[in-house]
Amino acid sequence: MDLKKAYDSAPREAMWIVLKKKMGIPEVLVDIVKSFHKDMKAKVRLEGEQLEEIEVTNGLRQGCTMASSLFNLYACAMAEIWMERVNRLVPIGAYTRDLYKKPVVPIGA
């Protein structure tokens, strides 16, 4: 995830899933939030010339008062999922020597 452009890069479909399944937000409320992000368009200017509007299908609405909260909920869920995966690979309390299964030889032995 690109945190420099975090609001622009947040995948909406994943965000809706996180809100419903991970955060337990009722679908009717998620649908309301989704409605604010439906049919978003952007105007692009290239070398001083305005191009046709394009549909924006990723990210959060700029200037939306909910954007920071939505992104924070999404980022927390992603961090939690990442930690669950890491903990499956490296059990909490594991020492480095346990991970490599090499005997530790004291210096000078």
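Residues numbered from 1 in each chain as written. Predicted model: local features only at pLDDT ≥ 70, side-chain atom pairs only at ≥ 80, totals over all residues. Heavy atoms only, no water.

Draft legend 1. The nonpolar core, seen in detail. If you look at the biggest cluster of nonpolar residues, it comprises 15 residues, and the most contacted ones within it are Met15, Trp16, Leu19, Leu60, Leu70 and Phe71. Non-local contacts of Leu70, meaning those with residues more than four positions away in its chain, are made with Met15, Leu19, Val33, His37 and Leu60. (Core = buried A, V, L, I, M, F, W, Y, C linked by side-chain atoms within 4.5 Å. Buried < 20%, exposed > 50% of the residue type's maximum accessible area, 1.4 Å probe, protein only. Contact = heavy atoms within 4.5 Å.)

Draft legend 2. Spatial organisation of the packing of helix H2 (residues 12-22) against helix H3 (residues 27-37). Two elements in contact, H2 and H3, have axes separated by 10 Å at closest approach and are oriented at 155°. As the angle between them shows, H2 and H3 are arranged roughly antiparallel. Remark: the crossing between H2 and H3 carries right-handed chirality. Between H2, through Arg12, Trp16, Leu19 and Lys20, and H3, the contact on the second element is made entirely by Glu27, Val30, Val33, Lys34 and His37. (Axes fitted to C-alpha atoms, helices over the stretch in contact; angles between N-to-C directions. Helix = DSSP H or I, 4+ residues; strand = E, 2+ residues; numbered from the N terminus. Parallel < 35°, antiparallel > 145°, perpendicular 65-115°, else oblique. Left-handed = near helix turned anticlockwise from the far one by under 90°.)

Draft legend 3. Structural view of helix H4 (residues 67-89). When the terminal C-alpha atoms of H4 are compared, their 33 Å separation across 23 residues agrees well with the 33 Å that a helix rising 1.5 Å per residue should span. When we look at burial in H4, the residues that qualify are Ala67, Leu70, Phe71, Tyr74 and Ala77. (Expected span 1.5 Å × (residues − 1).)

Draft legend 4. Fine view of the pattern of salt bridges. According to the stated counting rule, one finds three salt bridges in the structure shown. Lys20 is the partner of Glu27 in a salt bridge, and the nearest nitrogen-oxygen pair spans 3.9 Å. Assessed through its relative accessible area of 28%, Lys20 is described here as partly exposed. Lys22 is the salt-bridge partner of Glu84, the closest N and O atoms lying 3.6 Å from each other. Of this pair, Glu84 sits in helix H4 while Lys22 sits in helix H2; the two residues are 62 residues apart in sequence, bridging distant segments of the chain. The network of salt bridges with common partners includes Lys22, Glu80 and Glu84. (Salt bridge = Lys/Arg side-chain N within 4 Å of Asp/Glu carboxyl O.)

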